[in-house]
Amino acid sequence: MTARTIVVKIGGSTLGSGDTTFEDLVALQRAGARPVVVHGGGKVITEWLERSQLPTRFVRGLRVTDEPALCVVTAVLAGLVNKELVAKVQALGGKAIGLCGVDGALVQVHQRDPELGFVGDVTGFNLDILRIILDAGYLPIVAPIGLDEHGQHYNINADTVAGGLALAVRADDLIFLTDVPGIRDGSGQVVTQLSRDDVEMLIAEGVIASGMIPKTQACLCALGALQEAQIVDGRVPHALLASAKGEAAGTRIVRG
Ligand SMILES: Nc1ncnc2c1ncn2[C@@H]1O[C@H](COP(=O)(O)OP(=O)(O)OP(=O)(O)O)[C@@H](O)[C@H]1O
Ligand SMILES: [Mg+2]
């Protein structure tokens, strides 16, 4: 476990469920590992968009992020959610720094499609700030907001950021904590292992759908550097520690 770089995506769906993820992060840090957290915030964002009375518009099934929505998304993700996570790690005696992809131009993006508004596609990473944080012994907690070359910021999918970062930092592990026991096949059974071809087939068949699509695609992207990526149930106590030890239930997406 020593000095392993472990990229962990914490799903917004599992946030705030009183889980043990923060204890596990601190334990990993104490054991000498270098965890990097990327978080989502889907449910909290929806709640705050509703509170702000901003109607959600969809174009071809995708949520449009107009300027008022971007304000809420940025405030909630880079502010509220990010600081809650940092505070939890600090309260447990860990050392964490919260930032978003705008800071130090960590996550570079361009606009996906003007019709979708401020939704970014990742074009690259500037790892300087991440290395500084890790070398100083802190755990970076990254909110998925990216920056384009004109100084505009965008909302990005957190899974894509996690997969891209894992590849860019040549991470040793990539772990997605989510709110299901793993990836289900056509019969509803959780599968323990999937290859690239299996994943592509399940997506084509519509078995892997909605939020699981960017997650599995992020795994495939990271397989350029990693042997495997894991999708595990973040609601299970100490799921993260078990995953880091290679002992977790859930689904492994493996090379080949
Ligand atoms: N084949 C599948 N197996 C398991 N879950 C699936 C599958 N296809 C779609 N899903 C859905 O994917 C969801 C997980 O993705 P979702 O985006 O909702 O959560 P998250 O990424 O953990 O959180 P956030 O998006 O807030 O960061 C599951 O709750 C499930 O409904
Ligand atoms: Mg998601």
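Residues numbered from 1 in each chain as written. Chains lettered and ligands numbered in written order. Predicted model: local features only at pLDDT ≥ 70, side-chain atom pairs only at ≥ 80, totals over all residues.

S.K.: Help me out: how do you make sense of the overall build of the protein in this one?
M.R.: From N to C terminus, the protein includes eight helices and 14 strands. What you see for the protein is a C-alpha radius of gyration of 17 Å, in line with the 18 Å of a compact globule of 256 residues. Counting only C-alpha atoms, the protein reaches 45 × 45 × 30 Å along its principal axes. Relative to its full complement of 256 residues, the protein shows a buried share of 46%. Contacts spanning at least 24 positions in sequence make up 74% of the contacts within the protein whose residues lie at least 6 apart. (Helix = DSSP H or I, 4+ residues; strand = E, 2+ residues; numbered from the N terminus. Rg over C-alpha atoms; globule rule 2.2 N^0.38 Å. Buried ≥ 20, exposed ≤ 12 C-beta atoms within 10 Å, placed from the backbone. Contact = placed C-beta atoms within 7 Å.)

S.K.: Even after reading the chapter, I still don't get the environment of Pro237, so can you show me in this structure?
M.R.: Along the chain, Pro237 turns up in the loop between β13 (228-233) and α8 (239-244). It is 7.8 Å that separates the C-alpha atoms of Pro237 and Thr21, two residues lying 216 residues apart in sequence.

S.K.: Sorry, what's going on with helix α3 (residues 67-91) here?
M.R.: Each α-helix winds once per 3.6 residues, and so residues spaced three or four apart point in a common direction. Look at α3: 34 Å from first C-alpha to last across 25 residues, which is about the 36 Å you get at 1.5 Å a residue. A bend of about 35 degrees at Val76 is the largest found in α3. For α3, the full list of buried residues reads Ala69, Val73, Val76, Leu77, Ala78, Val81, Asn82, Leu85, Val86, Lys88 and Val89. Once α3 ends, the next one or two residues include Gly93, with phi positive near 90 degrees. (Expected span 1.5 Å × (residues − 1). Bend = angle between axes of the 7 residues up to and from the residue.)

S.K.: Quick question: what am I supposed to make of the nonpolar core here?
M.R.: Side chains that are nonpolar tend, in soluble globular proteins, to be buried together. Counting residues in hydrophobic clusters, the biggest one holds 73 residues, and the most contacted among them are Val7, Val37, Ala162 and Leu174. Top element by residues in this core is α3. It accounts for nine residues. In this structure Leu174 touches Val7, Ala162, Gly163, Ala166, Cys219, Ala222, Leu226 and Ala229, once residues within four positions along its chain are discounted. (Core = buried A, V, L, I, M, F, W, Y, C linked by C-beta atoms within 7 Å.)

S.K.: Would you take a moment to explain the packing of helix α2 (residues 42-51) against α3 for this structure?
M.R.: For any two helices packed against each other, the geometry comes down to the angle between their axes and how far apart the axes lie. It is at 10 Å that the axes of α2 and α3 come closest, and there the two elements cross at 130 degrees. Considered as vectors, α2 and α3 are oriented oblique to each other. Note on packing geometry: the crossing formed by α2 with α3 is right-handed. Here Val44, Ile45, Trp48 and Leu49 of α2 lie close against α3, whose contacting residues are Ala69, Val72, Val73, Val76, Leu77, Leu80 and Val81. Broken down by class, the residue content of the contact of α2 with α3 amounts to eleven nonpolar, no polar and no charged. (Axes fitted to C-alpha atoms, helices over the stretch in contact; angles between N-to-C directions. Parallel < 35°, antiparallel > 145°, perpendicular 65-115°, else oblique. Left-handed = near helix turned anticlockwise from the far one by under 90°. Nonpolar A, V, L, I, M, F, W, Y, C, P; charged D, E, K, R; others polar.)

S.K.: Would you mind showing me how to read the sheet that holds strand β5 (residues 96-100) here?
M.R.: Paired through backbone hydrogen bonds, the strands of a sheet run either parallel or antiparallel to each other. Judged by pairing direction, the sheet is mixed, and its eight strands sit side by side in the order β5-β8-β2-β1-β11-β13-β14-β12 without closing on themselves. Among the strands making up the open sheet, the edge pair consists of β5 and β12 (193-195). The average undirected angle you get between the axes of adjacent strands in this sheet is 20 degrees. Two strands pair when backbone bridges link them, and strand β1 (residues 5-10) and strand β2 (residues 34-39) are joined in this way by six bridges, in the parallel orientation. Looking at β2, one finds that Thr5 is bridged to Arg34. The strands that helix α1 (residues 21-30) touches are β1, β2, β8 (139-143) and β11 (173-178); relative to β2, the one it contacts most, it runs at about 150 degrees. Against the sheet, helix α6 (residues 196-204) makes contact with β12 and β14 (251-254), and its axis sits at roughly 90 degrees relative to β12, the strand it touches most. (Pairing = 2+ DSSP bridges.)

S.K.: Please clarify how the packing of α6 against helix α7 (residues 212-222) should be interpreted in this entry.
M.R.: Look at α6 against α7: their axes get within 11 Å of each other, and the N-to-C directions meet at 155 degrees. With respect to α7, the element α6 is oriented roughly antiparallel. Every pair of crossing elements has a handedness; the one defined by α6 and α7 is left-handed. Two secondary-structure elements touch here, α6 through Arg196, Val199 and Ile203 and α7 through Ile213, Thr216 and Leu220.

S.K.: Help me understand unusual backbone geometry in this model?
M.R.: You will see that Gln53, though not glycine, has its phi angle at about 55 degrees, which is positive. Tracing the backbone through its elements, the reader meets Gln53 in the loop between α2 and β3 (58-59).

S.K.: Help me understand the environment of Ala143, please; the structure alone is not making it clear to me.
M.R.: Among the structural elements, Ala143 can be located in strand β8. With 30 C-beta atoms packed within 10 Å, Ala143 lands in the buried category. Taking C-alpha positions, Ala143 is 26 Å from Gly246, a pair spaced 103 residues apart along the chain.

S.K.: Explain the environment of Gln189 to me, please; I cannot follow it from the model alone.
M.R.: Inspection of the secondary structure puts Gln189 in the loop between β11 and β12. The exposed category is assigned to Gln189, around which 10 C-beta atoms lie within 10 Å. As a C-alpha pair, Gln189 and Ile10 span 179 residues in sequence and 23 Å in three-dimensional space.

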